[in-house]
Amino acid sequence: MFRKNSAGEEAGREAGEPERSAAPAAPTERGADEARELPGEGPLASIVERLTARGADRAVLTLVQRGNTMTHQTEQSVGDVAPSVESGTVDQDSPLFDAVADLYSEAMTSPRGAWHRARIEVGPERDGVRPVVTTYGFADGAETVDTWHSGRPTPEAPASAVGTQDAAEDRHAPAGPAGQAAAQPGADEPGAEPPTAEPPADRDPVTAPAAVPAAEPAPVTSGVPVITEVEDSAGSTAAAATAPAAPDAGGERVPDHVDHEEWHEDVEPAAPTGPAAATAAAAAAGTAAAGEDHDTSAPETAVTTDVSPSYRAPAELLDRPSPEKLADGNLVLKEVEVLRRLADAQRRLFGEDGTAMDVSTVLVRVRALGTYYDALTHVRKNGFWDQRRTFDLVPEELLHVQELKDASYVEGAGAPVAMMFRFRPGIPPEVSFDYADEEAFVRYEERLPAQNYLEELRMYPRTGANIPQHMNEALQDWNY
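Residues numbered from 1 in each chain as written. Predicted model: local features only at pLDDT ≥ 70, side-chain atom pairs only at ≥ 80, totals over all residues. Heavy atoms only, no water.

**Quick look at the packing of aromatic side chains**
Which entries qualify depends on this criterion: Only Phe, Tyr and Trp rings take part, Trp by its six-membered ring, and two of them pair if their centres are within 6.5 Å. Stacked means planes under 30 degrees apart, edge-to-face means over 60, and tilted covers everything else. Counting from the N terminus, the helices are DSSP H or I runs at least four residues long and the strands are E runs at least two residues long. Here's how the labels work: a residue is buried when its accessible area is under 20% of the maximum for its type, exposed when over 50%, partly exposed in between, all with a 1.4 Å probe on protein chains only.
Considering all chains together, one arrives at 4 aromatic pairs under this definition. Taking 5.1 Å as the distance between ring centres and 85 degrees as the angle between the ring planes, the aromatic pair formed by Y104 and W115 counts as edge-to-face. Placement of the pair is Y104 in helix α3 (residues 97-108) and W115 in the loop between α3 and β6 (117-122), with a sequence separation of 11 residues. Of the residues examined, Y104 reaches a relative accessible area of 0% and is grouped as buried. Seen in terms of ring centroids, F421 and F423 are 6.3 Å apart; in terms of plane orientation they differ by 20 degrees. Their pairing is stacked. We note that F421, like F423, is buried. These aromatic residues form a ring-pair network of at least three members: Y104, W115 and Y136.

Listed below in structure tokens is the structure:
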């Protein structure tokens, strides 16, 4: 699916030179200064979602296209911790394959053409929005840089009802006697003297409320009474209701009822846990009488159970390896014969002190022609495929490749030229064979030399009808 580069491009890469064309390299092209909103659907959105799916604050994905192979390097970090780095090939088994293939195909159909290198940077989330920067490099040395933002801003928390805070402040503000208007007519006019509050003449000045020098205008409200408190000389408080006032300039209205409880944080003791919780529960329900049955006396052995009504048994139950059924793609060996040979490899990978205890799958793909064979191994870890050195995980003698090839030979049909082993902990290995194409399970950039095909046919003779076309073509080049 990915475009194969020309021989000149490949030679340039092998020499360590940057990719360039005959024309001068184009300057870096930048998108709009203002970040654009990342589309909710599409390959780029899928890649960003996968990069941040495991809670990463920052992530960088670098993609490099070489020939028919796309490689990736993924960096993910949380907080100030050093980023974790994963790398591998973007093949059909990679979780990135679909999104990266769509992104590459999308570029191929654009006027600019396909990129050779892509870098996708995802920044930390702020107020529900993540910055995303994409940089695409092309064969002529040009680059395009675009800035996006992913997500939606977090809506601001609803503000408290307008006027409630002012009303709370007014409880401690001095006010005139009860029933006095909060705002006197003309109080705001130039030259008007502020009204004063004096105690009536027939009241005792000692027991009467202390005179207030000036009644400050009450806060403007929506027309509902605001309760204020007036502290007298004895330290007690008296409530005074101000007269309704005109609505404020913003036209907003305060609530008809102010719940003062929301202004006080109730400090509750922490709920007891562990043994203390059990003690508190017993005290609340009453102390159990001595000898009374508890949960510990419930039966501890299950005789019958109730199967979930929604459960449906699998249509095909998984059978044990068959001593009669041939292994997948093999013309001679039975399943049990193949698995018996691979038992030691399974134990080496997932047994005590195994070499692959940190992964969920080990996938080994082999191409074997004559006495030559090579192996390509990938492991599945944390949702990604990563390439590993085959014989660091499992020794050559435990795979029994040459032994399986010899035992699978059928005169006229030949021997398998491709094998695939899928190892998973707790599950018997899955093994497949192919007699016709050494690239049946994975594609290689180049076929093996013709002398390997010649050796294969000398060691495992075939009829002309069973010699694949690509093998015949290689032999013609070798013979003529």
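**Looking at the side chain of T74**
Defined as follows: Think of a polar contact as two N or O atoms within 3.5 Å of one another; within protein, one of them needs to be a possible hydrogen donor and the other a possible acceptor, and neighboring residues in sequence only count if both atoms come from side chains. Any two residues whose heavy atoms approach within 4.5 Å at even a single point are treated as in contact.
With respect to the helices and strands, T74 occurs in strand β4 (residues 69-77). One polar contact links T74 to H72, side chain to side chain, over a distance of 3.1 Å. Sequence-distant contacts of T74, defined by excluding residues within four places in its chain, comprise L51, V60, L61, S84, V85 and E86.

**Side note on the pattern of salt bridges**
Convention followed: Salt bridges are defined by distance alone: a side-chain nitrogen of Lys or Arg within 4 Å of a carboxyl oxygen of Asp or Glu.
Going through the model one piece at a time under the given rule, you end up with 20 salt bridges. Of the charged contacts, one joins R367 and D374 as a salt bridge, the two residues approaching to 2.7 Å between their closest N and O atoms. D374 carries the same exposure label as R367, and that label is buried. Of the charged contacts in the structure, one is a salt bridge between D437 and R443, with a shortest N-O distance of 3.3 Å. Among the ionic contacts, a cluster of salt bridges with common partners joins D437, E438, E439, R443 and R447.

**Re α3**
Quick reminder of the rule: Multiply 1.5 Å by the residue count of a helix minus one, and that product is the helix's expected span.
The end-to-end C-alpha separation of α3 is 16 Å, in line with the 16 Å expected for 12 residues at 1.5 Å each. Among the residues of α3, those classed as buried are F97, A99, V100, A101, L103, Y104 and A107. At its buried positions, α3 is contacted by α2 (43-51), β3 (58-66), β4, β6 and β7 (129-137).

**Here's the deal with the pairing of β6**
Going by this rule: DSSP-based pairing: two strands are paired if at least 2 bridges between them are found.
Where burial is concerned, the two faces of β6 differ: the one with A118, I120 and V122 is buried and the one with R117, R119 and E121 is not. Here β3 pairs with β6 via 6 bridges, running antiparallel. Counted as the bridge partner of L63 is A118 from β6. Here β6 pairs with β7 via 6 bridges, running antiparallel. Across the sheet, R119 pairs through a bridge with T135, a residue of β7. Where β6 hands over to β7, the hairpin turn is made up of 6 residues, of which D127 adopts a positive phi near 55 degrees.

**Side note on the side chain of S322**
Relative to the helices and strands, S322 is located in the loop between α5 (275-285) and α6 (335-350). A distance of 3.0 Å separates the side chain of S322 from the backbone nitrogen of E324, its partner in a polar contact. A distance of 2.9 Å separates a polar atom in the side chain of S322 from the backbone nitrogen of K325.

**So, the sheet that holds strand β11 (residues 361-369)**
The following threshold applies: Think of each axis as a best-fit line through the C-alpha atoms, taken over the contacting stretch in the case of a helix, with angles from 0 to 180 degrees between the N-to-C directions.
Taken in spatial order, the 5 strands make up an open sheet running β13-β12-β11-β14-β15, and their pairing is antiparallel. Edge strands, defined here as strands with exactly one partner in the open sheet, are β13 (384-388) and β15 (427-434). Neighbour to neighbour, the strand axes of the sheet diverge by 20 degrees on average, direction disregarded. Of the pairings in the sheet, the one linking β11 to strand β14 (residues 418-424) comprises 6 bridges and is antiparallel in character. From the neighbouring strand, R365 faces β14, where its bridge partner is M420. Sheet contacts for helix α10 (residues 450-459): β11 and β12 (372-381); angle to β11, the most-contacted strand, approximately 80 degrees.

**Focus on α2**
For α2, the full list of buried residues reads P43, L44, A45, I47, V48 and L51. Looking at the buried side of α2, the elements it contacts are β3, β4, α3, β6, β7 and β8 (143-151).

**Here's the deal with the pairing of strand β5 (residues 84-89)**
As paired elements, β4 and β5 share 6 bridges and run antiparallel to each other. Pairing of Q73 across the sheet is with S87, part of β5. The hairpin turn running from β4 into β5, its antiparallel successor, is 6 residues long, and G79 in that turn takes a positive phi close to 65 degrees.

**Some words on the packing of α2 against α3**
Rule in force here: Each crossing gets its handedness from the near helix: less than a right angle anticlockwise from the far helix is left-handed, clockwise is right-handed. For this classification, Asp, Glu, Lys and Arg are treated as charged, while Ala, Val, Leu, Ile, Met, Phe, Trp, Tyr, Cys and Pro are nonpolar and the rest, including Gly, are polar.
Contact geometry of α2 with α3 gives a least axis separation of 8 Å together with a crossing angle of 145 degrees. Note that α2 runs across α3; the crossing there is left-handed. Residue-level contacts link P43, L44, S46 and I47 of α2 to A99, V100, D102, L103 and E106 of α3. Of the residues in the contact of α2 with α3, the class split is 6 nonpolar, 1 polar and 2 charged.

**Considerations on the environment of I427**
Examined against the element boundaries, I427 turns out to sit in strand β15. Through-space distance from the C-alpha of I427 to that of Q346 is 9.3 Å; in sequence the pair is 81 residues apart.

**With respect to the nonpolar core**
Under the convention used in this document: For the purposes of this section, nonpolar cores are sets of buried Ala, Val, Leu, Ile, Met, Phe, Trp, Tyr and Cys residues that join through side-chain atoms within 4.5 Å.
Ranked by size, the top nonpolar core spans 28 residues in total, and within it L44, I47, L63, M70, V100, L103 and W115 carry the most contacts. At the level of elements, α2, β3, α3, β6 and β7 are the ones that each hand at least two residues to this core. Of the residues forming this core, the biggest block, 6 residues, is contributed by α3. Listed in part, the 26 residues of the second largest apolar core include L333, A356, F421 and F433.

**Digging into unusual backbone geometry**
With a phi close to 55 degrees, D353 is a non-glycine residue in the positive phi region. Locating D353 in the fold gives a position in the loop between α6 and β11. Here D353 falls in the exposed class, since its relative accessible area comes to 71%. Even without being a glycine, H400 presents a positive backbone phi close to 55 degrees. Its place among the elements puts H400 in the loop between α8 (396-399) and α9 (401-407).

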